[in-house]
Amino acid sequence: MKAILKNSLSDYLWVEVLAVVLAAVMIGSITAYVAADSIYKASIIGGSITPILGAPGQLSGQGAEKAPSYYAHHYLAVKERITGIFGSLVWSNSGLISSVLGIAVMVALFPFVYRLRASFVPLLFRERSGPVGVGLKGLLLALFFILPLFLALSFPLAFVAKNWLSGVSLSSVLLLNGILWSLLLMLAISIYSTYALWGRLDLAVVFTLLLAFLLSGKLPFGWETVWAYLGISAGLTAGMVVAFQRRWMGV
C-alpha cells in the first residue's frame, strides 16, 4: 500500500486533486438540480394545499379567516407524502444521474488509475505482492481517493431534507441516498477494474456507460436496487480478482 500511495503522490498530484474537485462539482451540480426540481414537483403533487406565490400566509381556495391551525393535523401526513414522492422523482432521472456519475468517476479516477496501470509491474516488486494484492490495494485507495464524490452526491439531498423535509421520517431520503451511493460504487469499480486489467480507456468508458444505461430505469425505487448494485459491485470485484489470478490482462 505504501508503494501504491507513493506512486499516486507524484509531482502531478495537483492534476489528480483538480480532477476530483471537477468531478465533485459535476456530481454536486446535477444532484442539486435534480433535487431542486424534484422537491418543487413533489410539493405540488403531494401537497393538498397550494400556496399563492407572493402572498405569505394566504392559501388558495381558503378564505383569510381560516387559521393555520386548521391544517395542523394534515401537516405531517402531507410532508411524509412529499418525502416519498421526492425520492421517486429523483430516481426517475436515473438515466441522467447514471451518465453524469459515470463521466465524473472517469474524470476523477483516470489520473490515478493511469499511473497505477503504467507502474503495475514495478509495483509488484515494491509491494512484494501478487497481481491480486496490488489490484485490491489499488481499488481500496481509489475508493478512498474519490470520497469527495460520495459527499458531493449526498450534500444536496441532505440540504433538501434539512430545510424542506424536517420533522418527518426520512426513510425515502435514506433509501435514495443508499441507491445513489451504491450506483456510484458500482461505476467506480467498473472503471477501475476494466482499466486496471486491460489499460484501455475506450473499453472502460464503453463498458461502464453501457452498464449504467442498461440498468437505468429498469430497477425500482426500493432497497432491492441497493442490493442489486452492491451485488454487481461484488461480481465485478470477484471477476477482477479471477482475471488477475489467471493473468487475463494486458501488460
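Up top is the structure.
Bear in mind that the values here come from a model prediction, so they are computed numbers and not experimental data.

Visitor: Even after reading the chapter, I still don't get the pattern of salt bridges, so can you show me in this structure?
Guide: Pairs can form between side chains of opposite charge whenever their charged atoms are close. Under the counting rule described, the total for this entry stands at 2 salt bridges. Among the salt bridges present, the one from D37 reaches K41, with a minimum N-O distance of 3.1 Å. Residue D37 and its partner K41 are both found in helix α2 (residues 13-46); the two are separated by 4 residues, about one turn of the helix. According to the relative accessible area criterion, D37 is partly exposed, its value standing at 25%. K41 gets classed as partly exposed once you look at its relative accessible area, which sits at 40%. Linking R200 and D202 is a salt bridge whose minimum nitrogen-to-oxygen distance equals 2.9 Å. What makes R200 partly exposed here is its relative accessible area of 46%.

Visitor: Hey, could you run me through the packing of α2 against helix α7 (residues 147-164) in this one?
Guide: Between two packed helices, the angle of one axis relative to the other and the distance separating the axes together describe the packing. Orientation of α2 relative to α7, taken along the N-to-C sense of each, is 25°, at an axis distance of 8 Å. With respect to their mutual orientation, α2 and α7 come out roughly parallel. The two elements α2 and α7 meet at a crossing, and its hand is right-handed. For the pair α2 and α7, contact is made by V20, A23, A24, I27, G28, T31, A32, A35 and I39 and by P148, L149, A152, L153, P156, L157, V160 and W164, respectively. Considering only residue class, the contact of α2 with α7 consists of 15 nonpolar, 2 polar and no charged.

Thresholds, definitions, all that
- Residues numbered from 1 in each chain as written.
- Predicted model: local features only at pLDDT ≥ 70, side-chain atom pairs only at ≥ 80, totals over all residues.
- Heavy atoms only, no water.
- Salt bridge = Lys/Arg side-chain N within 4 Å of Asp/Glu carboxyl O.
- Helix = DSSP H or I, 4+ residues; strand = E, 2+ residues; numbered from the N terminus.
- Buried < 20%, exposed > 50% of the residue type's maximum accessible area, 1.4 Å probe, protein only.
- Axes fitted to C-alpha atoms, helices over the stretch in contact; angles between N-to-C directions.
- Parallel < 35°, antiparallel > 145°, perpendicular 65-115°, else oblique.
- Left-handed = near helix turned anticlockwise from the far one by under 90°.
- Contact = heavy atoms within 4.5 Å.
- Nonpolar A, V, L, I, M, F, W, Y, C, P; charged D, E, K, R; others polar.

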